[in-house]
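Overview (structure and organization)
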Amino acid sequence: VQLQASGGGLLQAGGSLRLSCAASGRTFSSYGMGWFRQPPGKEREFVAAIHWNGGRQYYTDPVKGRFTISRDDAKNTVYLQMNKLKPEDTAVYYCAAVGPYYSGSYYDDVQYKYWGQGTQVTVSS
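Residues numbered from 1 in each chain as written. Predicted model: local features only at pLDDT ≥ 70, side-chain atom pairs only at ≥ 80, totals over all residues. Heavy atoms only, no water.

**Some words on the side chain of His-51**
Tracing the sequence through the fold places His-51 in the loop between β5 (45–50) and β6 (57–59). The exposure class of His-51 is buried, given its relative accessible area of 14%. At 2.8 Å, the side chain of His-51 and the side chain of Asn-53 are in polar contact. In this structure His-51 touches Gly-32, Arg-56, Tyr-58, Arg-71, Tyr-102 and Tyr-106, once residues within four positions along its chain are discounted. (Helix = DSSP H or I, 4+ residues; strand = E, 2+ residues; numbered from the N terminus. Buried < 20%, exposed > 50% of the residue type's maximum accessible area, 1.4 Å probe, protein only. Polar contact = N/O pair within 3.5 Å; in protein donor to acceptor, adjacent residues only side chain to side chain. Contact = heavy atoms within 4.5 Å.)

Structure (structure tokens):
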């Protein structure tokens, strides 16, 4: 699986942005997907994930109520809608995929087998 993230940019606090992650392959619908981010000078952290069947979503507490992860299996794409952005959301955002029909935890990055390149999100105050 190859992943291509896009949609990052520079914007002011309070704004919205939608990240996209396009995946190659015909079995995208069997892969759980996640978004991680790495703020400047910090370690990579979990942001959100969606189960391979789309039935469950997972979020880190700081983004709950502001970010929404979704997937369109017909387009082999996963999205991260980010609203009410804050300066502390500034980071490089990565999309990633776990193995097919994965049933474990989505919060740990070591569970993800495939990673896209990052896309920079910068939120100014």
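**Here's the deal with the environment of Tyr-93**
Structurally, Tyr-93 can be placed in strand β9 (residues 91–100). We classify Tyr-93 as buried; its relative accessible area is 0%. Along the chain, Tyr-93 and Gln-38 lie 55 residues apart, while their C-alpha atoms are 6.5 Å from each other. Not counting residues within four places of it along the chain, the set of residues in contact with Tyr-93 comprises Leu-19, Trp-35, Phe-36, Arg-37, Val-47, Phe-67, Leu-80, Met-82, Gln-117, Gly-118, Thr-119 and Val-121. Within the structure, the side chain of Tyr-93 is placed 3.0 Å from the side chain of Arg-37, a separation counted as a polar contact.

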